[in-house]
Structure formats: C-alpha cells, structure tokens
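Listed here are the chains, written in short residue letters.
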Amino acid sequence: MLECAEGKYGADCKQTCHCASGETCSKDTGECSNGVCDSSFYGINCQCSRQEVTPVEVTATSVMQHNLSFSWSRPPCGFQGGTVTAYSYKLVELKSGTTLKQSSITLHSVTLEGLIPYTNYSFQVAVATDTGSLPLSDSIIVETLEAEPTAPRAFAVRGADEDSITVEWAEPEPPHGVITNYDIAYWRTSEIQPGWRRQT
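Residues numbered from 1 in each chain as written. Predicted model: local features only at pLDDT ≥ 70, side-chain atom pairs only at ≥ 80, totals over all residues. Heavy atoms only, no water.

Where we set the bar: UniProt positions are given in the numbering used here, feature names are shortened, and annotations may be inferred rather than shown by experiment.
The chain appears in an unreviewed UniProt entry as Fibronectin type III domain-containing protein 1-like from Acanthaster planci. Its UniProt record gives the chain a comment under Subcellular location (unreviewed entry), which states: "Membrane".

This is how it looks when you write it as structure tokens:
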C-alpha cells in the first residue's frame, strides 16, 4: 500500500488532513490523532468545511388549490458550513410581495395550507447550522391550481330605459382561475325562477 506523505491520507493519498495545528491524521481514515479538527472543518475525519456553503435544492412535490408541498435535500457534508441543526423556510405571495409563512423545522419537507387558488408563490429554504444561518436557496415559484371563482365585484346598474337595463361589474379578486364568461340572472319581481343568460 502506498505510504502517504504527511498531511495526506486515503488509498490514493489524494485526500487532505484538516487537523488542528501540529496534529497528525490517520493515513487510512483521515481521523486526527487527538480528535480535534482545524477550526474551519468538522466531522469524524474533519472533511466537512465550515467555509463552503451550498444552498439546498428545493422541489415542489404537490400542488393543490389551497396547499403546496415542498421537499429539499440535505447539503453534502463538505458544503454545510457547519453541523446542520434546522431548516428555515419562507413562502411569499408574489403579487403583493407579502411573506405569508416563515418558520424553522428539522424535517426535509413541509406542506403549507390555507393558500389562495390560481396564485403564484415563491418558496425558499435556508440551512441553519451551529455556526449560524446560511443563505437562502434559489426561489422556486409555484402556482396553485384553479378553483371556483368568487363573486364579481362592484356590481352596479348604469342605465335603464323602457325595455332594457345596463349593468356592469369588476372581475372577482382573487379570480381563482381564468375567467371565461359570466352567467347573468334576471327576472321580473313577480317571477319565482330567474332567467339565466350567459355573457362572455
């Protein structure tokens, strides 16, 4: 077996020891003789860097009308920036820029409920370690599914004559989906059933 030079270890001697100053490491495993790593590294064989940071990769695992589910991966040992203690997430409603949900958990997934249909949301996750919080991941933007619309707004009569009336209204807010048409009901006050007409 190849005898590694001082400060190197492993079968091919290409891995570098990261022990505290003056300490030697095992030529086979990289473990430090006194178990103390250089201040910039941690782990059993001191290969986990506290300096290099890679945000987690986030995936939308379920998209519903009122719910969104996300999962993410744990950063590789050498790119955690410290010992992982939790994950902080943030959900933002894009149109208003309002942060709706923000919390910290130890799991690698979360389901967020009570959302508005047909609405774009931005989701990010940050890793929290024993050395502090790391940068947020790239945003993942997801649109919730469409649902039945809410009622039109600002309904008003704008004119009337002997045989017609003019009415107007504003689109529902939020619309909950793509508005394709409006169903209009009108009837004489003496009638019980309204007469429905479709207006595009």
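### Description of the overall build of the chain
What counts is decided by this rule: Each helix is a run of DSSP H or I of at least 4 residues and each strand a run of E of at least 2, with the numbering of both proceeding from the N terminus. For the exposure calls, accessible area comes from a 1.4 Å probe over protein chains only, and a residue counts as buried if that area is under 20% of its type's maximum, exposed if over 50%, partly exposed in between. Only heavy atoms enter the contact rule, under which two residues are in contact if any of them lie within 4.5 Å. In this description, accessible areas are obtained by the Shrake-Rupley approach with a 1.4 Å probe, and a residue is regarded as covered only by the protein chains that are shown.
Tallying secondary structure elements over the chain gives zero helices and 16 strands in all. Burial status across the chain gives 30% buried among its 200 residues. The contacts in the chain between residues at least 6 apart in sequence include a share of 45% that link residues at least 24 apart. As displayed, the chain has an accessible area near 12600 Å², and 50% of this comes from carbon and sulfur atoms.

### Thoughts on the pairing of strand β5 (residues 58–63)
Successive side chains on a regular strand alternate, one facing one side of the sheet and the next facing the other. Put simply, the test is: Paired strands, in this sense, are two strands between which DSSP finds at least two bridges.
For β5 and strand β6 (residues 68–72), the ladder comprises five bridges, and the chain directions are antiparallel. Bridge assignment links S62 to a residue of β6, and that residue is S69. Where β5 hands over to β6, the hairpin turn is made up of four residues, counted between the paired strands.

### Topic: the packing of aromatic side chains
Applicable threshold: Only centres within 6.5 Å qualify two rings of Phe, Tyr or Trp (six-membered ring in Trp) as a pair; their planes then separate them into stacked at under 30 degrees, edge-to-face at over 60, and tilted for everything else.
This model, assessed by the stated rule, comprises six aromatic pairs. Between the aromatic rings of Y89 and F123, the centroid separation amounts to 5.9 Å while the plane-to-plane angle is 25°, which identifies the pairing as stacked. In this pair, Y89 is assigned in strand β7 (residues 84–93) and F123 in strand β10 (residues 120–129), connecting sequence segments 34 residues apart. The residues Y89 and F123 share a single accessibility class, namely buried. Ring pairs connect the aromatic residues F70, W72, Y87, Y89 and F123, which therefore count as one cluster.

### Focus: the pattern of salt bridges
This is how the line gets drawn: Just to be clear on terms, a salt bridge is a Lys or Arg side-chain nitrogen sitting within 4 Å of an Asp or Glu carboxyl oxygen.
Scanning all chains against the criterion turns up three salt bridges. Its salt-bridge partner being K95, residue E173 comes within 3.7 Å of it at the nearest N-O pair. Taken as a pair, E173 in the loop between β14 (165–170) and β15 (182–186) and K95 in the loop between β7 and β8 (98–105) lie far apart in primary sequence, 78 residues in all. Overall, the relative accessible area of 45% leaves E173 in the partly exposed class. When the shortest N-O distance is used, the salt bridge between R158 and E168 registers 2.8 Å. Of this pair, R158 sits in strand β13 (residues 153–160) while E168 sits in strand β14, and the two are 10 residues apart along the sequence.

### Details of the environment of L136
Mapped onto the elements, L136 comes out in strand β11 (residues 132–136). Separated by 13 residues in sequence, L136 and F123 place their C-alpha atoms 9.8 Å apart.

### Things to note about the state of the cysteines
Note the following rule: What counts as a disulfide here is a pair of cysteine sulfur atoms lying within 2.5 Å.
Counted according to the given criterion, the structure contains four disulfides. In this model, C17 is linked to C25 through a disulfide, with the two sulfur atoms separated by 1.7 Å. In this pair, the class of C17 matches that of C25, namely buried. Put simply, C19 and C32 are joined by a disulfide, and their sulfur atoms are 2.1 Å apart. Disulfide C19 to C32: torsion about the S-S bond roughly -100°, handedness left-handed. Of the two residues, C19 sits in the loop between β2 (15–16) and β3 (41–42) while C32 sits in the loop between β2 and β3, which places them 13 residues apart along the sequence.

### Some details on the environment of T24
Summarising the element assignment, T24 is placed in the loop between β2 and β3. For T24, a relative accessible area of 38% puts it in the partly exposed group. As for T24 and G35, which are separated by 11 residues in sequence, their C-alpha atoms are 9.8 Å apart. In this structure T24 touches E6, C19, E31, C32 and S33, once residues within four positions along its chain are discounted.

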